[in-house]
There are 2 protein chains.
Amino acid sequence: MAQAEFWYEFASSYSYPAAMRVEALAAERGVALVWRPFLLGPLFAGQGWRDSPFNLFPAKGRYMWRDLERICGSLGLPLTRPEPFPQNSLLAARVALALDDALRPAFSRAVYRAEFGQGRPIDAAATLGGLLTEIGVAAELALARAVEDANKAGLKAQTARAIALGLPGAPCLTTADGEVFWGNDRLEPGLDWARAHD
Amino acid sequence: MAQAEFWYEFASSYSYPAAMRVEALAAERGVALVWRPFLLGPLFAGQGWRDSPFNLFPAKGRYMWRDLERICGSLGLPLTRPEPFPQNSLLAARVALALDDALRPAFSRAVYRAEFGQGRPIDAAATLGGLLTEIGVAAELALARAVEDANKAGLKAQTARAIALGLPGAPCLTTADGEVFWGNDRLEPGLDWARAHD
């Protein structure tokens, strides 16, 4: 079965529609997805940025919010800008990584819905615990696992791999033959590629 | 008839496939296009950049060249990287602006084919003169008009308008109701919007 890895960052705005769309698109094409949460911070730091490029470069930021509004509108997804933007996504990424593979997509979508659908902060353990409970996961255990040293190191390693693969941002799809497709608007060509080059 | 403005920069890599695609896409939708050459330099300078972001941020640059290779491959367009990148596009933009509206698209596509299809430099008057001759335009007259003060000022004004409209880069489509669609991958939604909101 063709495979692709879906790389996403909880603070990333375009990762929201991508996370909501990608599973159905992959299923339509018979592509197995591996969900890979990672952190953009170290990647941006390597480009000399200490903030989101959407904040550093206001014309890009203004464009992105309007573009995202149109995209979410066309998909029927609610959009509420979280304050501050970007959100601190470290704990959410750790929780996502600590979960079983089968639970990661549902938790990740729940985080995006809360953050960009409802505009809720996602940095607090209580918030993430509530989202875990909603999807039927024992929250206290998952939160405890999230902050174990091995899991913290795992997220660092996953982020290092994202950089090594040449990801320029989030979201991305990567394929078994080393291709990178960047952006919510590249999900379809990325999954088509994964299927065609299986 | 619905209208849209197509904003492009001759040094911009993604403007190449966009310029080759946009006329047919607009015709299919019954949207009248106005071709607007402008310069990214002043826009980038406003973001603190003195070079292409694809050179300033190597991960973005590596990604862009591979992405463009895939896009051109899927469209059957030749791709040869011009050296240096970005090309000095000032004279080409002046020539494009000086031409009659009806000649601008053909000249612009000829420039992109030479630059990104064949990897030829586009900064020399002799090169641009050859392209003008190929499309049946009196080259000497067009080149002379290009460097008249009024035309130089016209290009500055057009670039200032691009910045005022909030363009974050090139290529872009703008619609009568003030929407901006950025990127080769936004031609279809931009033209759909122009038609739907006529």
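A. Region of interest: the overall build of chain A. Of regular secondary structure, chain A possesses 10 helices and 4 strands. Helices and strands in chain A line up, N terminus first, as β-α-β-α-α-α-α-α-α-α-α-β-β-α. The C-alpha radius of gyration computed for chain A amounts to 16 Å, which stays within 12% of the reference 16 Å derived for 198 residues, consistent with globular compactness. If you line up chain A on its principal axes, its C-alpha atoms span 40 × 40 × 35 Å.

B. Focus on the pairing of strand β3 (residues 172-175) of chain A. Residues and elements named next belong to chain A. Judged by which residues are buried, β3 turns out to be covered on both faces: C172 and T174 on one side and L173 and T175 on the other are all buried. In the sheet, strand β1 (residues 2-8) pairs with β3 via 4 bridges, with the strands oriented antiparallel. Residue W7 lies in a different strand from β3, and its bridge partner there is C172. Between β3 and strand β4 (residues 180-182), which pair antiparallel and follow one another directly, the connecting turn spans 4 residues, one of which, G178, has a positive phi of 90°.

C. Geometry of the sheet that holds strand β2 (residues 31-37) of chain B. Residues and elements named next belong to chain B. An order of β2-β1-β3-β4 is seen for the 4 strands of this open sheet, with the pairing classed as mixed. Only two strands of the sheet have a single neighbouring strand rather than two, namely β2 and β4 (180-182). In this sheet, neighbouring strand axes are inclined to one another by 25° on average, regardless of whether the strands run parallel or antiparallel. Contacts from helix α1 (residues 15-29) reach β1 (2-8), β2 and β3 (172-175) within the one sheet, and its direction differs from that of β2 by about 155°. Seen against the sheet, helix α6 (residues 104-117) touches β1 and β2 and runs at an angle of roughly 55° to β2.

D. Structural view of the sheet that holds β3 of chain A. Residues and elements named next belong to chain A. Judged by pairing direction, the sheet is mixed, and its 4 strands sit side by side in the order β2-β1-β3-β4 without closing on themselves. Of all the strands in the sheet, just β2 (31-37) and β4 have a single pairing partner and so form its edges. The mean inter-strand angle of the sheet, taken between neighbouring strand axes irrespective of direction, is 25°. The strands that helix α6 (residues 104-117) touches are β1 and β2; relative to β2, the one it contacts most, it runs at about 55°.

E. Spatial organisation of the layout of surface pockets. Space inside the second largest pocket adds up to approximately 740 Å³. Contributions of two or more residues to the lining of the second largest pocket are made by α4 (58-75) and α10 (187-196) of chain A together with α4 (58-75) and α10 (187-196) of chain B. Of the residues contributing to the lining of the second largest pocket, the split by class is 10 nonpolar, 4 polar and 12 charged.

F. Highlighting the pattern of salt bridges. Counted according to the given criterion, the structure contains 32 salt bridges over all chains. E23 of chain A is the partner of R109 of chain A in a salt bridge, and the nearest nitrogen-oxygen pair spans 3.0 Å. Here the residue R109 of chain A occupies a position in helix α6, and E23 of chain A occupies one in helix α1 (residues 15-29), the gap between them amounting to 86 residues. When its relative accessible area of 34% is taken as the criterion, E23 of chain A is described as partly exposed. Across the salt bridge formed by D192 of chain B and R29 of chain B, the nearest N and O atoms sit 2.6 Å from each other. Of this pair, D192 of chain B sits in helix α10 while R29 of chain B sits in helix α1, and the two are 163 residues apart along the sequence.

G. Structural context of the packing of helix α5 (residues 90-98) of chain A against helix α9 (residues 149-164) of chain A. All names here are of chain A. Interhelical geometry of α5 versus α9 gives an angle of 100° and a closest axis separation of 9 Å. Classified by the interaxial angle, the pair formed by α5 and α9 is roughly perpendicular. On the side of α5, the interface is formed by L90, A93, R94, L97 and A98, while α9 contributes N151, K152, G154, L155 and Q158. Per-class residue counts for the contact of α5 with α9 are 5 nonpolar, 3 polar and 2 charged.

About the cut-offs
Residues numbered from 1 in each chain as written. Chains lettered and ligands numbered in written order. Predicted model: local features only at pLDDT ≥ 70, side-chain atom pairs only at ≥ 80, totals over all residues. Heavy atoms only, no water. Helix = DSSP H or I, 4+ residues; strand = E, 2+ residues; numbered from the N terminus. Rg over C-alpha atoms; globule rule 2.2 N^0.38 Å. Buried < 20%, exposed > 50% of the residue type's maximum accessible area, 1.4 Å probe, protein only. Pairing = 2+ DSSP bridges. Axes fitted to C-alpha atoms, helices over the stretch in contact; angles between N-to-C directions. Contact = heavy atoms within 4.5 Å. 1 Å grid on protein atoms, 1.4 Å probe; cavity = no way out; pocket = protein on both sides within 12 Å on 5 of 7 lines; lining within 4 Å. Points joined across faces, edges and corners; volume = space filled by probe spheres on them. Nonpolar A, V, L, I, M, F, W, Y, C, P; charged D, E, K, R; others polar. Salt bridge = Lys/Arg side-chain N within 4 Å of Asp/Glu carboxyl O. Parallel < 35°, antiparallel > 145°, perpendicular 65-115°, else oblique.

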